[in-house]
Amino acid sequence: REVVVGVHVDEAGCEREAFAGPVFQEFARRLHADTRMRPDFGDADGELRRAETYFRSVVDAEPTFTEAAVHLGRVLGLRGQHAEAARVLSAANDDGGDTHVTYYAALFLGAELEALQRPADAKAAYERAALTVPTARLPHLALAHLARQSGERVDTVDRLRRALAPLSDDPADEPWFVYRRSH
């Protein structure tokens, strides 16, 4: 029963995380002009707070539910709580379970470490994401950004080539494309 409740709460958190995204927020903004229709979700910050509450309850009840921890870390980062997000994502990143979850943990951890002005650690996280899913393009784009910031022109060009290489239609090649459906 706890797992069923945890999964339900995790799905509710994923829904709220999605509602905070630009697609839903733009939809809501356009609907506000029409007083007859109101979306069943709030502004991005409110939805992120709700998602955080759901994910925290899952992680508190089931600390080994790595996917919920990754979503919690992502939401914390989107809310600007970078140090806490990095702590949560570091723990999830060490799990080594599902390939996509490990990829998301490493990718999001890299972004949080960048926000915390720790480029060497961010680079290591992005490299782990690239090793976890060798066909993924986003880690190389992030690594190109870091290389450019540090003035490493050759590495920047190499990483951009990898990031912009043709991608197949298989969502497994770039897990970011299915992140919203990952739960």
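What this report covers is the structure whose coordinates are included nearby. As the structure is a prediction and not an experimental result, all values here were calculated from the model. (Residues numbered from 1 in each chain as written. Predicted model: local features only at pLDDT ≥ 70, side-chain atom pairs only at ≥ 80, totals over all residues. Heavy atoms only, no water.)

**Some details on the pattern of salt bridges**
- Scanning the entire structure with this criterion turns up 12 salt bridges.
- Measuring nitrogen to oxygen at the nearest pair gives 2.4 Å for the salt bridge that ties Arg 79 to Glu 52. Remark: Glu 52 occurs in helix α3 (residues 44-61) and Arg 79 occurs in the loop between α4 (66-78) and α5 (82-93); sequence separation between them is 27 residues.
- On the accessibility criterion, Glu 52 (10% relative accessible area) is buried.
- Overlapping salt bridges bring together Asp 45, Arg 49, Glu 52, Arg 56, Arg 79, Glu 84 and Arg 87 as one network. (Salt bridge = Lys/Arg side-chain N within 4 Å of Asp/Glu carboxyl O. Helix = DSSP H or I, 4+ residues; strand = E, 2+ residues; numbered from the N terminus. Buried < 20%, exposed > 50% of the residue type's maximum accessible area, 1.4 Å probe, protein only.)

**Here's the deal with helix α9 (residues 153-163)**
- By the burial criterion, the buried members of α9 are Asp 155, Thr 156, Arg 159 and Ala 163. Each buried residue of α9 sits inside an arc of 100 degrees when the element is viewed along its axis, so together they form one side. Across from the buried face of α9, at angles greater than 90 degrees, the exposed residues are Arg 153, Val 154 and Arg 161.
- If you follow the buried residues of α9, they end up packed against α7 (119-132) and α8 (138-149). (Arc of directions from axis to C-beta. Contact = heavy atoms within 4.5 Å.)

**As for a nonpolar patch on the surface**
- Together, Leu 141, Leu 160 and Leu 164 line one region of the surface with nonpolar side chains, adding up to about 280 Å² of accessible area.
- Tracing the backbone through its elements, the reader meets Leu 160 in helix α9. (Patch = residues over 30% accessible without salt bridge, like charges linked within 9 Å, V, L, I, M, F, W, Y side chains within 5 Å. Areas by Shrake-Rupley, 256 points an atom, 1.4 Å probe, with all protein chains shown as cover.)

**Notes on the nonpolar core**
- Residues Phe 55, Val 70, Leu 72, Tyr 103, Leu 109, Leu 113 and Tyr 126 are the most contacted members of the largest nonpolar core, which totals 36 residues.
- At the level of elements, α3, α4, α5, α6 (99-115), α7 and α8 are the ones that each hand at least two residues to this core.
- Per element, the largest residue contribution to this core is nine residues, and it comes from α6.
- Residues contacting Leu 109, with those up to four places away along its chain left out, are Ala 86, Leu 89, Ser 90, Asn 93 and Ala 125. (Core = buried A, V, L, I, M, F, W, Y, C linked by side-chain atoms within 4.5 Å.)

**A short note on the packing of α4 against α6**
- Orientation of α4 relative to α6, taken along the N-to-C sense of each, is 25 degrees, at an axis distance of 10 Å. One finds that α4 runs roughly parallel with respect to α6. Crossing handedness for the pair α4 and α6: left-handed. Residues Thr 66, Glu 67, Val 70, Arg 74 and Gly 77 of α4 form the contact with α6, whose participating residues are Val 101, Tyr 104, Ala 105, Phe 108 and Glu 112.
- For the contact of α4 with α6, the residue count by class is five nonpolar, two polar and three charged. (Axes fitted to C-alpha atoms, helices over the stretch in contact; angles between N-to-C directions. Parallel < 35°, antiparallel > 145°, perpendicular 65-115°, else oblique. Left-handed = near helix turned anticlockwise from the far one by under 90°. Nonpolar A, V, L, I, M, F, W, Y, C, P; charged D, E, K, R; others polar.)

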